[in-house]
Amino acid sequence: MNTITTATVSLPPAQIDLGIGGMTCASCVSRVEKALKKQTGVSEATVNLATESARVLIAGGDTPEALARIKRAVRDAGYEPRSMEAMDVSADKRWMGVPVDFLPVLIGIVLSAPLVLPMVGDLFGKHWMLSAWMQFVLATPVQFILGARFYRAGWHALKAFTGNMELLVSIGTTAAWALSTWLWWRSEPGEMLHLYFEASAVVITLVLLGKWLEARAKRQTTTAIRALHALRPERAHLLPDGIRRTEITEVAVDELLPGDVVRVLPGERFAADGTVVQGSTQADESMLTGEAMPVPKAVGDGVTGGSLNGDGAVEVSVRAIGAQSVLAQIIALVQDAQAGKAPVQRMVDQVAAVFVPVVLVIALVTMLGWLWTGAAMEVALIHAVAVLVIACPCALGLATPAAIMAGTGVAAQHGILIKDAQALEIAHKVDTVAFDKTGTLTEGHPRLLVIEAAAGVDELAVLQAAAALQAQSAHPLARAVVEAATARSLVVLPDAASDVQAVSGRGSQGTVQGTLLSLGSLRWMDELGVNLGPLSERAQALQQQGSTVSVLVSQTAGAPDWSPLALLAFGDEPKAGAAAAIAELRAAGMRLFMVSGDNRGAAMAMAARLGLRANEGEVIAEVLPGDKAAVVRRLKEGGVFPPGRPKEIQPPRGAATREAVERGGHVVAMVGDGVNDAPALAAADVGMAMSHSQGGSSDVAMHAAGITLMRGDPLMVAAALDISRRTVSKIRQNLFWAFAYNVAGIPLAALGFLSPVVAGAAMALSSVSVVSNALLLKRWKPPQR
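Residues numbered from 1 in each chain as written. Predicted model: local features only at pLDDT ≥ 70, side-chain atom pairs only at ≥ 80, totals over all residues. Heavy atoms only, no water.

Below, the discussion takes up the overall build of the protein. Helix and strand content of the protein: 28 helices and 28 strands. Every one of the 785 residues in the protein was classed for burial, and the buried ones make up 51%. Of all intrachain contacts in the protein linking residues separated by at least 6 positions in sequence, the fraction that spans at least 24 positions is 70%. Just so you have it, the protein exposes about 35900 Å², and 58% of that area is on carbon and sulfur atoms. (Helix = DSSP H or I, 4+ residues; strand = E, 2+ residues; numbered from the N terminus. Buried < 20%, exposed > 50% of the residue type's maximum accessible area, 1.4 Å probe, protein only. Contact = heavy atoms within 4.5 Å. Areas by Shrake-Rupley, 256 points an atom, 1.4 Å probe, with all protein chains shown as cover.)

It is worth spelling out the packing of helix H13 (residues 377-390) against helix H28 (residues 756-775) at this point. Viewed as axis vectors pointing N to C, H13 and H28 meet at an angle of 5°, and their least axial separation amounts to 8 Å. Considering the angle they form, H13 stands roughly parallel to H28. Here Ile382, Val385, Ala386, Val389 and Ile390 of H13 come into contact with H28, specifically with Pro756, Ala759, Gly760, Ala762 and Met763. Looking at the contact of H13 with H28 residue by residue, the classes come out as nine nonpolar, one polar and no charged. (Axes fitted to C-alpha atoms, helices over the stretch in contact; angles between N-to-C directions. Parallel < 35°, antiparallel > 145°, perpendicular 65-115°, else oblique. Nonpolar A, V, L, I, M, F, W, Y, C, P; charged D, E, K, R; others polar.)

Let's shift gears to the sheet that holds strand E15 (residues 314-320). With antiparallel pairing, the six strands of this open sheet are ordered in space as E8-E7-E9-E15-E10-E13. A strand with exactly one partner marks an edge of an open sheet, and here the two such strands are strand E8 (249-252) and strand E13 (302-303). (Pairing = 2+ DSSP bridges.)

Quick look at the environment of Lys575 now. Inspection of the secondary structure assignment puts Lys575 in the loop between strand E23 (563-571) and helix H21 (578-587). With 135 residues separating them along the chain, Lys575 and Thr440 place their C-alpha atoms 8.0 Å apart. In this view, Lys575 contacts Gly439, Thr440, Leu441, Thr442, Glu443, Met690, Gly712 and Pro714; residues no more than four positions away in its chain are not counted.

The next thing to look at is the nonpolar core. Core analysis: the biggest nonpolar cluster contains 141 residues, and Leu36, Ile416, Val433 and Met688 have the highest contact counts within it. Ranked by residues supplied to this core, first place goes to helix H27 (residues 715-750) with 14 residues. Setting aside anything within four residues of it in sequence, one finds Met688 in contact with Ala669, Met670, Val671, Gly672, Leu681, Ala705, Ile707, Leu709, Val717, Ala720 and Leu721. The next biggest cluster of nonpolar side chains, apart from the first, holds 24 residues, and it includes Leu448, Leu463, Ala468 and Ala485. (Core = buried A, V, L, I, M, F, W, Y, C linked by side-chain atoms within 4.5 Å.)

Taken as a whole and assessed by the stated rule, the structure comprises 15 salt bridges. The partner of Arg634 in a salt bridge is Glu637, with the nearest N and O atoms 3.9 Å apart. With Arg634 and Glu637 both in helix H23 (residues 628-637), this residue pair falls three residues apart, about one helical turn. Classification of Glu637 as partly exposed rests on a relative accessible area of 47%. (Salt bridge = Lys/Arg side-chain N within 4 Å of Asp/Glu carboxyl O.)

Glancing now at the pairing of strand E1 (residues 14-21). The buried count for E1 comes to six of eight residues, which makes it a mostly enclosed element. Of the strand pairs in this sheet, E1 and strand E3 (residues 53-58) are connected by six bridges, and their pairing is antiparallel. The residue of E3 that forms the bridge with Ala14 is Ile58. Relative to strand E4 (residues 80-82), E1 is paired through three bridges, and the arrangement is antiparallel.

Turning next to the side chain of His414. For His414, the position within the fold is in the loop between helix H14 (393-413) and strand E16 (416-418). His414 gets classed as buried once you look at its relative accessible area, which sits at 19%. From its side chain, His414 meets the backbone oxygen of Trp780 in a polar contact 3.5 Å long. (Polar contact = N/O pair within 3.5 Å; in protein donor to acceptor, adjacent residues only side chain to side chain.)

With that settled, consider the sheet that holds strand E14 (residues 308-309). Across the sheet, which stays open at both edges, the three strands sit in the order E12-E11-E14 with antiparallel pairing between neighbours. Pairing within the sheet leaves two strands with one partner each, and these edge strands are strand E12 (295-297) and E14. Strand direction decides the pairing type here: strand E11 (residues 281-284) and E14, joined by two bridges, are antiparallel. Note on E14: the bridge partner recorded for Ala283 is Asn309.

Looking now at the side chain of Asp722. Tracing the sequence through the fold places Asp722 in helix H27. Overall, Asp722 belongs to the buried group, its relative accessible area being 17%. A distance of 2.6 Å separates a polar atom in the side chain of Asp722 from a polar atom in the side chain of Trp780.

All chains considered together, the criterion is met by eight aromatic pairs. Geometrically, the ring pair formed by Phe136 and Trp184 is tilted, given 5.4 Å between the ring centres and 45° between the ring planes. On the criterion of sequence distance, the pair formed by Phe136 in helix H5 (residues 132-146) and Trp184 in helix H7 (residues 165-185) is long-range, its members being 48 residues apart. Look at Trp184 and you get partly exposed, because its relative accessible area is 30%. Both rings, one in Trp182 and one in Trp185, keep their centres 5.5 Å apart while their planes meet at 35°; by these two values the pair is tilted. Of this pair, Trp182 and Trp185 both sit in helix H7, three residues apart, which is roughly one turn of the helix. Trp182 sits in the partly exposed class, given a relative accessible area of 47%. On the accessibility criterion, Trp185 (66% relative accessible area) is exposed. An aromatic cluster of at least three residues, connected via ring pairs, comprises Phe136, Phe144, Tyr151, Trp177, Trp184 and Phe197. (Phe/Tyr/Trp six-rings, centres within 6.5 Å; stacked < 30°, edge-to-face > 60°.)

Next comes the structure, spelled out in structure tokens:
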């Protein structure tokens, strides 16, 4: 009998993004997170008050059952699960020209305005007091119809043994309404009463108005995401393939496949990432990279979906679609950053967990205190109501996410993609910046400047052999060799070399026409035991001139030694903004380092052009790719790289460095652009992956980095650190004002200096002011060269 065994396949956790309606304060966030984390399979749940959304990681995949359980948990907690798309659509609905979400506020204003007339009349010496029954008729619909949302949310909070803003408002306004009704019921006919119906109605109206203003402000923090989504064109002009299609067909963009060829007319947006196969134009990539100047595009150049075509019609071969496109990855990075929770938010969550119970106790103590001093019951109760109404956990809940959304959004609009809130919060502490040299501070397109052939060796033959060896490599120096050979009309066949191997950080080796060749650095030649002979002095001279020197050597079958054939000297140019970036970072008080695999002479020469101080140890040369991460770790510890001995790392020294070590070391940002930079980017406190005009940064580097710079401009490094500092500053300002508001407002209300109406207005404006302060970040612009 055969036994059939089944293997259980373990799926990675699925990510579910869900809109949540009805959240108003930090206490709501805490309650929803607790409800979600109790669900089977949920490993992580993060709720964002500013976006009114939740991100859940759940084991077993994104199945309909899992999504249903998540939605049910949200609803059972007293909130409304919504799709992310529905969250945007609901804000645009109107009735007779009035936004639907403003109607409750408008009705509240109409009903509450007559109740405020006596207060206005007192200013002019008039007595406009309404009768008790009219006050009751006007205030009751506001209390129990417009205020029904507060009762529902407060009831759900009570069932969960927690509290929220709605519970405070519903208790406070109900107390004011009930007190007024009681006083009216027990009064004598014709008696002049001082009722508090206006307090209950006006407080609810003001809270509704504050929430409406807050919602409008919060929507402005998401303009960056909406603008990125708007870049996606709906349709594309698909060219015929000669088999199934014989004419141009207009199709939806989501029908495109890699390999399709589409026509992009002047003024249209590129439908997908691809390569220009016919025509030339200019592309406006400002919304993706922040670069204001149009970028020329010709045959063979890459284009990014969502960028705007200039005045030329071009045909583009589709390379990437859907989630693999650059635009989709940008949107995903920004959404991830905005959905995340900054470390400082943990403290806010702890405060929010006890905020409402503490306020309820303070309100009770306030009422008992006033009664103890001999005040009337209605006076004591009104002061307690003021305490309940002025307490605002909303501002606490919005302080951090509103600033993060505004900061990451405006950064994305200028080509700075911040991976998560943690990277944003750490970046403002950076005091040390380490740059990879090639492609980051330099153009990354070295040219072959000199070929110094050994005696009796033909220069053209050497160049052709070197080009054959390097034809299959994508290394910048290898491309420079091939380009030089092509420029001299030499034929370079891709398969002219066999058994080609890349030796990391050293060079490459292979067989060309039966001869084993090695082309690489002087360090590698030393390791191989190559005797350069007369070429040695020339190599040293070229290094002193700032060139990167490689040596081509050969080894015949059976011979133990390598024979030098030629020296190849390469030169690169610094990027236009590199020196300005170094100067700006230095002016900001940063420690600066350039990490390079080049020989010390070439690195020193480039450092002089960039404004780096090689004599102060700011140049770290002859570093193998695998050693970059170790260099970053030593920089974090406060290690010093002496100018005379680049390969040695000395212990920390100096007062500033000792101070850094005492507080745990330096905070290091590493800036790189290639695959070999990924370990160093991951080892740094903040990794910055720099893109460039020839195809963007490495995907590996982007994943390892906390910040991605969509332009290859070194000034973007200073800009990224600047927006980080400004965003963290806004977070601190918001938290300060949120705490200060409650710390000052609650005692003033308890001591009787604030009426419930004034307290309600202050509470409504507190959260609006926090979001408005965060929105000031939208005015930020990076420094211009």
